[in-house]
Structures are given as C-alpha cells and as structure tokens.
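Listed below are the residues making up each chain.
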Amino acid sequence: MMKHDSWWRDAVIYQIYPRSFRDANGDGEGDLAGVIEGLPYLASLGIDAIWLSPIYRSPNNDGFYDVADPRDIDPLFGTLADAELLIKEAHAAGLKVIFDIIPNHFSSDHIWFQEAMRAAPGSAARARFHFYDGRGESGELTPNNWNSLFTGPAWTRLPDGQWYLHLFDSSQPDLNWDNPEVHADFEKTLRFWLDLGIDGFRIDVSHGLVKEDILVDHRDPDLLTKALRIDTTDVTAEQRADLLSDMPFFDRDGVHEIYREWRKIFNEYKDRMTVGEAFVYPTSRLANYVRPDELHQIFNFDFLLIEWDAAKIREAASRVISELATVGAPPTWALNNHDSPRLVSRLGSLAKARALALLTAALPGSLYIYQGEELGLPDGDMPVSARKDPIAIRSKGADLGRDGCRVPLPWSAHQPHFGFSSHTPWLPQMSSYGDYAIESEVSDPESSLNFYKKTLEIRKHHPALGGEGQITFLESEPGVLAFTRVPGLVVVANTTDGSIQMKLEAQSILHQSGHGVNYVADLLDLPAHTTVWLQR
Ligand code: NOJ
C-alpha cells in the first residue's frame, strides 16, 4: 500500500557495511559479489532499500571513509561492473540502492592531495584544502588548537613547513568548500553515480563542510572532542549541549548553500533521495538541512544514544517529530550504525533491544536497520592489536573505537568463519556469533530475525504505520510509554522491571516484542521490558 507518493518518506533502509556483510571471493573481506549473493536474504526482510557504506577506491585508513577516487570502486570490493550489476539485481529484487558520499575530506592518496603536497604554499593545488602556515617563531606550532575527532591535533605539517587541516585522520585532509573546483568535482561525482542508477546518497559529516574562524583557538578543544564522540559518556548532556551549540567547524550556516545546489541536481532525476549525517545542537537545527530545497532526510543521533526509559524516549521522539514537521520533512530513526555500539550490547539485554525496536518501528517516518541488528547480534570484542579503527590506533588503544560493531556477519553456525568467508575474516568473530547465524535464525520462529520480519511485514501493510500520520502520546504511569497512530493502532512499551496493568480500549494484540502479554476486557497486562502493538 502506498501511503504517499515519495518512496523514501517512510522507507525501511538497511545499512550494509560491505567489508563485513559477505565475502564471495575468499579473501576475508566482504565484497560487492557478496552483497549480490545476499540479495535474496535482504529482499526476504521486507526492507525497501539498502545503503552501502563506502566502496570507493581508498587506502582504507578509516573504513573506506578516506576516499582516493570517488568515481571508482576499490578492488577489495570489486569493479564498476560489479557495482552496476548490484544496482541492477537489487532493483530486480525490488530494492533501492543508496551509496555513501564523503564531501568533508578526501584521502591523502587522492590525486588532488598528491598534487597539493608537491605544489608550493599559496598554489591553486593547495587551495583545494586548508593549508596554513603555523604559529610560533618558525611556524612550528599548529595554526589553531583544534583536535582531530580521532584524537591528536587536527593539523599535520608538511616538510616545507605548512600545515593542513584534518578533522579526522591525518590521511583525511579536509576539503575547502570555498573553492568552486570542489563544488564542480562533487557535482561530477553525484551525477556519475546517479547516472549509473543509484537511488540516493547518505552524506557523511554533512554538517562539516564549511569552516569558520580557522585561525581562532577553541575555548576547550579536549572537551569538545569528547562531546563529539557519540559513544562516550565522558561528558555530561549539559556539556555536550553547550559545546555543540557553538562549533567553528560544524553546522555553519554556509553549508546550506551547498545542499541547495545539490538539490537542484537531484531534482533533475526521478525519485532520488539524500540523507544527511549531522550531529548538531540544538536538534531543532537539524530541520535546516531538510528544508524543501535541501536534503530529503536527516539522521538524528537521539536514538543512537537513547536509554531504555519511557520519559526519555517520549521526549526525544516527540521533539524530533515536531522539529522536522516545521519543514515538512519525515523523521528518521536509527538505533545502530557502524559508528556506535550495537543496541543489544548498549542496553545489555535482548528483551530491551527488541522492545525498543518495536516501539521505534511504530513511529512515523523512515526506519534504518544496521546489518546484524535484525539478528540481535551483540558487539564483538578483540585485543587492541587486532583493531583496525583509526580511533583505536591513534589513541594506542586508550579508546577502543568502533570495531566492535563492524565484525563480519554470521551466516551459518556450521561453516568455517560462520559462513562469512572461507578465509580468516579481517576482524575476528566471537565464538558466540554462531548463536546468531542467519541460517539458524531463519528456521527458528522465536528468533530476532523472524521478529524483525514480522514487524516490517505489519509495518508495510498496516494503514497507521510508516507514513507520516498523526501520533498521539497517551498519559500513562511512570516507566510506560503509550501512543496511538491513526487509524487503528495503539503502542504500549513497559520500560520498568515489573509487569504493569493498563486500562485501554483496543480490539486485539497485533504484535509483541516478548512473551506473556495479555489483553482481556480492556485491560492490558504487559510484562517488564516489553512493547506491544494493539489493533484498535
Ligand atoms: C562519519 C562516518 O560514519 C565515520 O565512520 C567516519 O569515520 C567519519 N564520518 C569520517 O568520515
């Protein structure tokens, strides 16, 4: 059933981390042929689209978010022909295809940066990046005190004495978006992939492209770095709000000009979409990115951090919904991604993870699922020496980084490397991963996988779900979140440690995240850490 005429407004989008999805050529690294092999599985989930984290040519110092050629596929993943085949086969399976685009920085292996390193200070080649002389008597001090988000200074010095800016790894020089050449090159890249048939882009660090006051020191760069890591609890919410609401390198107003340009390009094509990644404060500023002449969707980070607490969930959900409604954009919901701890590990319980997932799937807008989430997969663990994330490497293991959520998927409990690859995988899998193998979960009616499939199946067909229809929060006792969607759905989540009873008018139970829900004579009996969907 079409609930509106733009597919992306309530789409269920499955994020693939290609290196860890499925390895078809036996080198221990996932690849495009592996994604093609996995299409029947993906289509069986009931999703609308797949989003692939970057697959472009890259030295891979940051999980391929360091791009050396944005218009070519890295040989590790395959070839351009494989990408074309994937797009064609995904479309034949009824799935849209979204690629990542990384406009904040290139890899230092990109031909532009190679040219810049050979060129003189002040040259046109250096003007594509942020090159500055240093401070101090002989320029030996960084041009400002900003930190890289991956720890250490945000500046690296070339042998000729100039410094270049990199908000991430030193091999990820930031691009200078004041330079028209940068705009022209990205237009070329957008068109290249749109012409090849992809349906949209996820825009990496979409809030970061424009920098201001580059030569001014920040008041507390170390705390700011902590505040920008969404998976740390080293800063308080108040500190995060304070620091994020005033950042020289993120969420500058000038960034919106870029997305207005891009939207014009997208509008030349049919049915394409964009989703921006932006960690901004206050969150009301997210709406700026999805004004009608800018991006289509924007992620919010609230649900990646949310606690299993009815009041906090209600506050975040109603805030995001109402803020985005001011510009007519659909909200998006993501409980996991390749940068944050997996939900089950974060909440410490499969029951809570399922209950939060069921509640989230009933919210209006678009739903993102990160590979393995549907299996109830926990984070992997590994020694520091096995870690590949530049965060772990740059901090020498003081910060373990994001590898835990990037461990290759288990496909079969009985095959070597759980059927992911015939070769040792690039990150070690946990011995417990066999319990979450796709093959086993497919045939277990109680599995997380079958729970997700049923959730998405009902979401697709129920007239109240997906879409952007009205949501009304109901008054309920502390620890309980209840809302209605029209027509005909009541959702109740119990985030407390005990069962609760609630008087409520409905017809019957449609779906539940656990066991033991009872609904008789207008009385709902809901066990601890459980969500229920009721037909009204
Ligand atoms: C956000 C991406 O999701 C993350 O994986 C990456 O390290 C940074 N941007 C830098 O590109």
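Here the residue index of a chain counts from 1 through its sequence in written order. The model is predicted, so local features are restricted to residues of pLDDT at least 70 and side-chain atom pairs to those at 80 or more, both for listing and for counting; the totals for chains, interfaces and linings are taken over all residues. Hydrogens are left out, water is left out, and the side-chain values use all remaining heavy atoms of the structure.

Chemist: Let's hear about helix α5 (residues 180-196): which residues, and what values?
Modeler: Relative to the 24 Å expected for 17 residues at 1.5 Å per residue, α5 spans 25 Å between its end C-alpha atoms, a close match to the ideal helical length. Using a 1.4 Å probe on the protein chains alone, a residue whose accessible area is under 20% of its type maximum counts as buried, one over 50% counts as exposed, and one in between counts as partly exposed. Strands here mean DSSP runs of E at least two residues long; helices mean DSSP runs of H or I at least four residues long; both are numbered from the N terminus. Taken together, the buried positions of α5 are occupied by Val182, His183, Asp185, Phe186, Thr189, Leu190, Trp193 and Leu194. Down the axis of α5, the buried set is contained in an arc of 170 degrees. They therefore lie on one face. Pointing more than 90 degrees away from the buried face of α5 are the exposed residues Pro180, Lys188 and Asp195. Two N or O atoms form a polar contact when they lie within 3.5 Å of each other; inside protein one atom must be a possible hydrogen donor and the other a possible acceptor, and for residues adjacent in sequence the pair counts only when both atoms belong to side chains. With a side-chain oxygen lying 2.9 Å from the backbone nitrogen of Glu181, the N-terminal cap of α5 falls on Asn179. Helix span is expected to be 1.5 Å times the residue number reduced by one. Note: the arc covers the axis-to-C-beta directions of the helix.

Chemist: Account for the sheet that holds strand β8 (residues 163-165), with residues named and values stated.
Modeler: By the convention used here, strands pair only if DSSP detects at least 2 bridges between them. The strand order across the open sheet formed by 3 strands is β6-β8-β7, and the pairing between neighbours is antiparallel. Among the strands making up the open sheet, the edge pair consists of β6 (131-132) and β7 (155-157). When β7 meets β8, the two strands line up antiparallel, connected through 3 bridges. Along β8, the bridge assignment pairs Thr156 with Tyr164.

Chemist: Give a description of the sheet that holds strand β20 (residues 523-526) that names residues and reports values.
Modeler: Sheet architecture is open: 3 strands sit in the order β17-β20-β19, paired in antiparallel fashion. The outermost strands of the open sheet, each flanked by one partner alone, are β17 (500-503) and β19 (518-520). Averaged over neighbouring strand pairs, the angle between their axes works out to 15 degrees when direction is ignored. Note that β17 and β20 share 4 bridges and pair antiparallel. Directly across from Lys503, in β20, lies its bridge partner Leu523. The angle between two axes is taken between their N-to-C directions and runs from 0 to 180 degrees, where each axis is a line fitted to C-alpha atoms and a helix contributes only its stretch in contact.

Chemist: Describe in detail empty space enclosed by the protein, supporting the description with residues and values.
Modeler: Empty pockets left among the atoms are what a rolling probe the size of a water molecule brings to light. Each cavity reported here is a set of points on a 1 Å grid over the protein atoms alone in which a 1.4 Å probe fits but cannot get out, each pocket an open set with protein on both sides within 12 Å along at least five of seven lines, and each lining residue one with an atom within 4 Å of a point. Grid points are joined across faces, edges and corners, and a volume is the space filled by probe spheres set on the points. Throughout the structure, instances matching the rule amount to 9 cavities of 30 Å³ or more. Roughly 390 Å³ of internal volume is contained in the largest cavity. Lining the largest cavity are 24 residues, and of these Leu149, Phe168, Glu277, Asp339 and Arg402 sit closest to its centre. Each residue is assigned to one class: nonpolar for Ala, Val, Leu, Ile, Met, Phe, Trp, Tyr, Cys and Pro, charged for Asp, Glu, Lys and Arg, and polar for all the others, Gly among them. Here the lining of the largest cavity is built from residues that sort into 11 nonpolar, 4 polar and 9 charged. Shared between two domains, the lining of the largest cavity takes at least three residues from each, and those domains are domain 1 (1-102 + 300-314 + 330-468) and domain 2 (105-174). Size it by volume and the second largest cavity reaches roughly 90 Å³. Broken down by class, the residue content of the lining of the second largest cavity amounts to 5 nonpolar, 4 polar and 2 charged. For the purposes of this description, domain bounds are those given by an automatic or database domain assignment.

Chemist: Can you break down the packing of aromatic side chains residue by residue, with the values?
Modeler: Any pair of Phe, Tyr and Trp rings, taking the six-membered ring for Trp, is counted once the centres come within 6.5 Å. Such a pair is stacked with planes under 30 degrees apart, edge-to-face with planes over 60 apart, and tilted for the rest. Within this structure, the stated rule accounts for 30 aromatic pairs. The interplanar angle of 15 degrees and the centroid separation of 6.4 Å between the aromatic rings of Phe186 and Trp262 together place this pair among those described as stacked. Separated by 76 residues along the polypeptide, Phe186 in helix α5 and Trp262 in helix α8 (residues 255-267) bring together distant segments of the chain. When sorted by exposure, Phe186 lands in the same class as Trp262, which is buried. Taken together, a centroid distance of 5.5 Å and an interplanar angle of 85 degrees make the contact between Tyr259 and Trp262 edge-to-face. In this pair, Tyr259 and Trp262 are both assigned in helix α8, 3 residues apart and thus about one turn of the helix distant. The same class applies to Tyr259 and to Trp262, which are both buried. Between Arg19 and the ring centre of Trp426, over which it is positioned, the NZ or CZ distance is 3.6 Å. Whether a charge sits over a ring comes down to the Lys NZ or Arg CZ being within 6 Å of the ring centre and within 35 degrees of the ring normal.

Chemist: Residue-level account of the site of the ligand, with values.
Modeler: Near the ligand you find 13 residues, and of these Asp62, Asp204, His338, Asp339 and Arg402 are the closest. Here His105 contributes a side-chain N or O atom positioned 3.0 Å from an oxygen atom of the ligand. The separation between an oxygen atom of the ligand and a polar side-chain atom of Arg202 is 3.0 Å. Surface burial for the ligand is 97%, taken as the share of its 290 Å² of free accessible area covered by protein chains. Grouping the constituent residues of the shell around the ligand by class yields 4 nonpolar, 2 polar and 7 charged. Mapping the shell around the ligand onto the domain boundaries places at least three of its residues in each of domain 1 (1-102 + 300-314 + 330-468) and domain 2 (105-174). The cutoff for a nearby residue is simple: one of its non-hydrogen atoms must lie within 4 Å of the molecule or strand. What sets the accessible areas is the Shrake-Rupley method with a 1.4 Å probe; for residues, cover comes only from the shown protein chains.

Chemist: An account of helix α12 (residues 350-361) is needed here, citing residue identities and associated values.
Modeler: Compared with an ideal rise of 1.5 Å per residue, which puts 12 residues at 16 Å, α12 spans 16 Å between its outermost C-alpha atoms and is within 8% of the ideal. Among the residues of α12, Ala353, Arg354, Ala355, Leu356, Ala357, Leu358, Leu359, Thr360 and Ala361 are the ones counted as buried. Capping the start of α12 is the job of one residue whose side-chain oxygen sits 3.3 Å from the backbone nitrogen of Ala351: Ser349.

Chemist: Now, about the domain arrangement of the protein chain: what can you tell me, with residues and values included?
Modeler: Under the domain assignment, the protein chain is made up of domain 1 (1-102 + 300-314 + 330-468), domain 2 (105-174) and domain 3 (469-535). One C-alpha centre belongs to domain 1, the other to domain 2; they are set 34 Å apart. If you look at the interface, domain 1 gives 15 residues, while domain 2 gives 16 residues. Note on terms: buried area is the combined drop in 1.4 Å-probe accessible area of two parts once they are placed together, counting the loss on both. Buried surface at the junction of domain 1 and domain 2, summed over both partners, amounts to about 1100 Å²; 53% is from carbon and sulfur atoms. Contact with domain 2 buries area across many residues of domain 1, yet Ala68, Ile102 and Arg394 alone supply 41% of it, more than any other trio. Here, a salt bridge means any side-chain nitrogen of Lys or Arg that lies within 4 Å of a carboxyl oxygen of Asp or Glu. Across the domain 1-domain 2 interface, the total number found is 1 salt bridge. For Asp169, the salt bridge identified is with Arg394, shortest N-O distance 3.3 Å. Taken together, the links from domain 1 to domain 2 amount to 8 residue pairs in polar contact (both at pLDDT 80 or more). When residues of the side of domain 1 that touches domain 2 are traced back to their parent elements, those giving at least two are β4 (69-73) and α13 (390-394). A per-element tally of the side of domain 1 that touches domain 2 places α13 first, with 3 residues. Its residues placed into classes, the side of domain 1 that touches domain 2 shows 8 nonpolar, 2 polar and 5 charged. Whether two residues touch is decided by their heavy atoms; if any such pair falls within 4.5 Å, the residues are in contact.

Chemist: Explain the environment of Ser412 to me, and be specific about the residues and the numbers.
Modeler: Checked against the element boundaries, Ser412 lands in the loop between α13 and α14 (438-442). Here the alpha-carbon distance between Ser412 and Gln429, two residues 17 residues apart in the chain, equals 13 Å. At 3.1 Å, the side chain of Ser412 forms a polar contact with the backbone nitrogen of His414. At a separation of 3.4 Å, a polar atom in the side chain of Ser412 contacts the side chain of Glu439.

Chemist: Hey, could you go over the layout of surface pockets for me, with residue numbers and the actual values?
Modeler: Quantified by volume, the largest pocket comes out at close to 930 Å³. Looking at the largest pocket, it is lined by 32 residues, and the ones nearest its centre are Ala237, Arg240, Asp302, Leu305 and Ile306. Those elements that provide at least two residues to the lining of the largest pocket are α7 (237-244), α9 (302-305) and α10 (310-325). A total of 5 residues in the lining of the largest pocket trace back to one element, the largest contributor, which is α10. Partitioned by chemical class, the residues of the lining of the largest pocket number 17 nonpolar, 6 polar and 9 charged.

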